[in-house]
Structures are given as structure tokens and as C-alpha cells.
Amino acid sequence: MKKIAIISTVILGLATTACDSYLDINQDPNSPSESNMTTSIMLPAAEMNLAGSYGDFMRITGGYYAQHYAQTFGTSNYLDFSQFKMSATRSSGTYTQLMSRTLKNLETIRTLAQQNNEWGSYLAATTLRAFTYQALVDCYGEVPFTEAFNVSISSPKYDDGKDIYAALITELDEALEKAQAADQVATNFLFPGETAANWIKFANAVKLKLMMREIDAVPDVAAEVGKLVADDNFPEEDVAYQDCWGNEAGAMSPYYAEEFSTAWGNTQINVVANVAIIGTMLQKDANGDVVYEDPRLPAFFEKNGAGEYTGCISGTNFSTSNSYKSTYWCRPVASYDMPVYLITRSEVEFFIAEYYARQNNSAEAQAHYNAAIEASCASAGVSGADKVIAKFPYTQSKYKECIGISKWIALSGVNNFEAWCEARRLDYPAFGSVTGPQMYNLKDDASYKPELYVPGTLYTPILVEDKLGQNHILERWPYADSSASRNGNSPEFPGYTTPVFWGK
């Protein structure tokens, strides 16, 4: 029998707070003996390591790179992200957690499930593996894949992202062929107590995202997307880790625990709203009168201490300001039990709208575009989707612009990482003519002029990463030092302006 490796570190203490069947085991989940290893012991650990990285570090960085977030007054924790920077060390912990704790566990689960004909669990692990690997490719472009978990290879090669995507789609197809809707699934947090039916829908959504990301880079993929869209077996609701968080230290949703909770004694404020997203969701005329307010704004961002919506400028923290202290800026809405979204119904609808737009089927494209905005408002718990649609109407000749900007807004309150990815792929929001230094010059508080911002655009941050220059989004991360520094097969970093394969 193939020897099975396990790394089952459970982050944040979360795996012991939410699932009764998981609590019933007698074996320590952090160090079970090989003979006692089961898919139900291992899957929750893999899930929580995924949720901890994707729902925290990737959400935070995505928020800064998509200009949903900026750095608050006087602190510098994420000022480099605000300036479109990423070092090889900054992402190393996240890379290690996803590779060594999430993906390694998922590979072991797949082995166990295959040995025991647990095809529902096999599909669940394969789907999460595809989701996790896609996120890594979307950050780094190239990562170890074919040799990643071969214990006899100390320096696994870095596979091209395009090849990894193709392999993930093949793996999903194989798992979908084996699993039936009525198959049981190991103990898990995503769809607890359910059979494989919802996992099948989630797998289809992940496959849709993979293929839509590669649609400009892979010939004939549109035909495969068409088959998937015609089958229409996608999640009816958002897919998220929810109802599994507690209001105690170590049990909170990871983004909230990192940035908002004072349970660990930390009261520092870092993340605040960016002038870009505030200036798009709350638009004013030349006299300062509000002409448009997005109904999702209060669901996504809090008002500041004066009861107003204000956005900070990327690339600075206003540390020398006499006027713009931390209470001046509004913050993202967050709670201890906030979901970690993997994919929303809104995203699925936007992808389908884009597929139809590429087929020049403007009627279907518009219908799904509108449905995407409606789903976003429903997820935010607000009415007024018709108001949003009227402000940002669909136009076939500008489908990338329409979808890109509307998706960027919709993701600002739920999944900032995916907003960064889609802005790189669709090239919208595009950069406007106004720059960060024009809106604030670091020397004079009176130079803060958010009214110069053009709604629905990005702007070059103050003190932007010099290797990027003007009007460039950060296209990729340097290879993680925790991998590259010990791997003789790590490639030379191609540079911050070199897109991953689907962005070229």
C-alpha cells in the first residue's frame, strides 16, 4: 500500500468549535496514528488551513491591489501592499500553509478516498485542491505541481501555470465522473451533513472559473465553457465557510481575527476603505451633492467617526497629517462570524454573462449580467439592484468594461482577492488620468482632493513600486522565499509587470 503522509495542523483552533461529528473522535486530530487516519479527520484540517490563508492574507493583499483598501493613518503594516509591492518573504507563510498543510492533506485525502471508494470525499478533496492550486497560480504564475509532493525529490520543478490549469480541469472531470449526487462526503465545514450534490455544483463552478480565466490563452476552451453553461449545474447560493465561527479568541473568522478583533490585545487599525471604491459607490457632483449611492455601500463599508463615507489614498498612511486621523476613514464591515467566500453566485453569473458576450449573444449576456448584480445585492442583504443596473448598464460593445467594473464593485465586500485577479484579466477597472500624488502630495493636508478621482478607475499609488511605474497593476508575486530559497529548480522571477499566463 502506498505510504500516506499527513500534515494536519489546524489553524486558529477552529476545527474544534463547529462540527459535532468532528468533536466525537477520540484521537488527537493534530497527531493521529496512520492506522486511525480517515478522510473525516483530515478534511476539516485542510479546509481550515485554506480558509485561514485565502480568507485572510489573500483577502487583505487583494483588497490593496484592487484598490478597495488603503492604509490607515500612522501605521505601516500593509503600506507596501498599498504601494503595489510584494516581497518574496511576505507571502512565504501563506505559501507554506497552502502547500504543506492544505494541498498535502488534500492529496492524502484523495488517496484514502480512492482506496476506500469514497467518491464523494474524493470529489470534495479534488475540488478544494483545484481551488487552492488555482489561487497559487493566480499569485505566482508558476508553482511546483507534478513533483510537489514526491518525497524523493527535494527540489521539485515549477510547472507552468497553463499546464497546471489543464491538469486541474482533467482532475475535476475525472472526479465528477466518479462521484454521484447521493454519495456521502467526509466530515467537512463547507457543506456539513450533506451528500456530494452541492460538491458537484461547486466543482462545476471552480471548473467554470478555471476555463474563463484561461479563455484568452487556450484555444477552443469556449466550446467547453458552452457545454458547462448549457448543463447549468452550478451553486444556487454563495459557497462560503460560514456558521462555523465563534466569538472567542481562536475561533473567529480569520480576516476579522487578524484585523478587527481585540481578543489578543491588539487595537491597531490598518485596513480602511480606498478612495477608488468609495468614489465609485458614492458619487457626487461638482457641488458635492450625492448623485448616486450604491445600496451595497453600508453592507460593505462603515461610515467614519463623523458619519460619512471617506476613502484614503493608496501609497501613504497620512502619518504626518493634522486633519486625517484614523477616525476620519471608513472601514470595511466585518464581524466575528463573517463568511470566507470561495465563490459567489454573483461571480458565476458574471462568468456566464462574459461567455455569452464573447458569443455575441447580447440578450443572454445582459440577462446574466443583471442577474449577477441582483445576486450581489441579495448576498449583501439589500434591495435596489435595479438602481445599480441603471447606473452601470450592460453594453455589448464594452462588455469587458461593464463586467470588469461591476464585478470589481460586487467583490469589494466579499472577496477582494478575486477582484485583483479579474482586474488583471479583464483590464478593468482601467487606470484613469488622475494619480495618487495628484490627490494628495504628502506635504499639505489641503492637497487631499478625493473629488479628482474618476469613478470606476484605478490610479497610480503614491510612492508606487518603482519597478511597476505609472498606470500598472501588480501582475504577480515573487516566488515565495520559503520555497525558492531552498529549491535549485526555482525559476528566475520574471518581474512584477509580467502577467501570469491568462493575463498576457
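In this text, all values refer to a predicted model and were calculated from it rather than measured experimentally. (Residues numbered from 1 in each chain as written. Predicted model: local features only at pLDDT ≥ 70, side-chain atom pairs only at ≥ 80, totals over all residues. Heavy atoms only, no water.)

(A) Examining the overall build of the chain more closely. Per the secondary structure count, the chain includes 18 helices and 8 strands. Here the C-alpha atoms of the chain give a radius of gyration of 22 Å, agreeing with the 23 Å that 2.2 N^0.38 yields for 504 residues. Dimensions of the chain along its principal axes, counting C-alpha atoms only, are 75 × 55 × 45 Å. Burial analysis of the chain (504 residues in total) assigns 59% to the buried set. (Helix = DSSP H or I, 4+ residues; strand = E, 2+ residues; numbered from the N terminus. Rg over C-alpha atoms; globule rule 2.2 N^0.38 Å. Buried < 20%, exposed > 50% of the residue type's maximum accessible area, 1.4 Å probe, protein only.)

(B) Spotlight on the nonpolar core. Ranked by internal contacts, the top residues of the largest apolar core, which has 165 residues, are Tyr133, Phe202, Leu208, Tyr241, Trp420 and Trp477. For this core, the element with the most residues is helix H5 (residues 119-140), which contributes 14 residues. (Core = buried A, V, L, I, M, F, W, Y, C linked by side-chain atoms within 4.5 Å.)

(C) Representation of the packing of H5 against helix H7 (residues 197-213) in the model. Close contact between H5 and H7 brings their axes to 10 Å; oriented N to C, the two are set at 25°. The pairing of H5 with H7 is recorded here as roughly parallel in orientation. Both H5 and H7 take part in a crossing whose hand is left-handed. On H7, the residues touching Leu123, Ala124, Thr127, Leu128, Ala130, Phe131, Gln134 and Asp138 of H5 are Trp199, Ile200, Phe202, Ala203, Val206, Lys209, Leu210 and Arg213. Looking at the contact of H5 with H7, its residues break down into 11 nonpolar, 2 polar and 3 charged. (Axes fitted to C-alpha atoms, helices over the stretch in contact; angles between N-to-C directions. Parallel < 35°, antiparallel > 145°, perpendicular 65-115°, else oblique. Left-handed = near helix turned anticlockwise from the far one by under 90°. Contact = heavy atoms within 4.5 Å. Nonpolar A, V, L, I, M, F, W, Y, C, P; charged D, E, K, R; others polar.)

(D) Focus on the packing of helix H12 (residues 345-358) against helix H13 (residues 362-380). Following both chains from N to C, one finds H12 and H13 inclined at 165°, their axes separated by 8 Å at the closest point. On the basis of the axis angle, H12 is roughly antiparallel to H13. As H12 packs across H13, the resulting crossing turns out to be left-handed. Two secondary-structure elements touch here, H12 through Arg345, Ser346, Glu349, Phe350, Ile352, Ala353, Tyr356 and Ala357 and H13 through Glu364, Ala365, His368, Tyr369, Ala371, Ala372, Ile373, Ala375 and Ser376. Each residue belonging to the contact of H12 with H13 can be placed in one class, and the counts come to 11 nonpolar, 3 polar and 3 charged.

(E) Focus on the packing of aromatic side chains. Counted by the stated rule, this structure contains 42 aromatic pairs. With centroids separated by 5.9 Å and ring planes inclined at 65°, the aromatic side chains of Phe417 and Trp420 adopt a geometry described as edge-to-face. With Phe417 and Trp420 both in helix H16 (residues 416-426), this residue pair falls 3 residues apart, about one helical turn. Accessibility expressed as a relative area gives 0% for Trp420, which makes it buried. The ring of Trp502 is capped by Arg213, whose NZ or CZ atom sits 5.6 Å from the centre of that ring. Looking at Arg424, its charged tip hangs above the ring of Trp420, at a distance of 3.6 Å from the centre. (Phe/Tyr/Trp six-rings, centres within 6.5 Å; stacked < 30°, edge-to-face > 60°. Lys NZ or Arg CZ within 6 Å of the ring centre and 35° of its normal.)

(F) Representation of helix H4 (residues 92-115). The first and last C-alpha atoms of H4 sit 33 Å apart over 24 residues, in line with the 34 Å expected at 1.5 Å per residue. Along its length, H4 shows its largest kink, about 25°, at Leu103. Backbone geometry just after H4 places Asn117 at a positive phi near 55°. (Expected span 1.5 Å × (residues − 1). Bend = angle between axes of the 7 residues up to and from the residue.)

(G) Focus on the pattern of salt bridges. Taken as a whole and judged by the stated rule, the model has 22 salt bridges. The residue Lys201 makes a salt bridge to Glu236 at a minimum N-O spacing of 3.2 Å. Taken together, the residues Lys201 in helix H7 and Glu236 in the loop between helix H8 (221-231) and strand E4 (239-241) connect sequence positions 35 residues apart. Overall, Glu236 belongs to the exposed group, its relative accessible area being 55%. As a salt-bridge pair, Arg358 and Glu354 come within 3.0 Å of each other at their nearest N and O atoms. One end of the pair, Arg358, and the other, Glu354, are both in helix H12, 4 residues apart, so they sit about a helical turn from each other. Judged by its relative accessible area of 22%, Arg358 is partly exposed. The exposure class assigned to Glu354 is buried, which follows from its relative accessible area of 0%. (Salt bridge = Lys/Arg side-chain N within 4 Å of Asp/Glu carboxyl O.)

(H) Spatial organisation of unusual backbone geometry. Pro429 follows Tyr428 through a cis peptide bond whose omega is 0°. Tracing the backbone through its elements, the reader meets Pro429 in the loop between H16 and helix H17 (436-439).

(I) Inspection of the state of the cysteines at higher detail. Using the criterion set out here, one finds 0 disulfides in the structure. No disulfide involves Cys139; its nearest neighbouring cysteine sulfur is the one of Cys421, lying 6.4 Å away. Given the relative accessible area of 0%, Cys139 is considered buried. Note on Cys330: no disulfide assigned, nearest cysteine sulfur contributed by Cys312 at a separation of 9.9 Å. (Disulfide = S-S within 2.5 Å.)

(J) Structural detail: the confidence of the model for the chain. The predicted model of the chain has a mean per-residue pLDDT of 93, with 93% of residues at 70 or higher. Here residues 1-30 is modelled with pLDDT under 50, and outside its nearest four sequence neighbours on either side it reaches 74 contacts, counting other chains as well. (pLDDT = per-residue confidence, 0-100.)

(K) Region of the structure containing the environment of Thr75. Within the secondary structure, Thr75 sits in the loop between strand E1 (69-71) and helix H3 (79-82). Not counting the four nearest positions on each side in its chain, Thr75 is found in contact with Gln268, Ile269, Asn270 and Asn317. Within polar-contact distance, the side chain of Thr75 engages the side chain of Gln71 at 2.7 Å. Side-chain polar atoms of Thr75 contact the side chain of Asn270, separated by 3.5 Å. (Polar contact = N/O pair within 3.5 Å; in protein donor to acceptor, adjacent residues only side chain to side chain.)

(L) Spatial organisation of H8. Of the residues making up H8, those classed as buried are Val221, Val225, Gly226, Leu228 and Val229. The buried residues of H8 all sit within an arc of 165° when viewed along its axis, so they share a single face. More than 90 degrees from the buried face of H8, the exposed residues found are Lys227, Ala230 and Asp231. The inward-facing, buried residues of H8 contact H7 and H12. (Arc of directions from axis to C-beta.)

(M) Summary view of the pairing of strand E7 (residues 290-293). Summarising the sheet, strand E6 (residues 282-284) and E7 pair through 3 bridges and their orientation is antiparallel. In the strand pairing of E7, Leu282 is matched with Glu293. If you look at the hairpin formed by E6 and E7, you'll find 5 residues sitting between the two strands, and Gly288 has a positive phi there, around 85°. (Pairing = 2+ DSSP bridges.)

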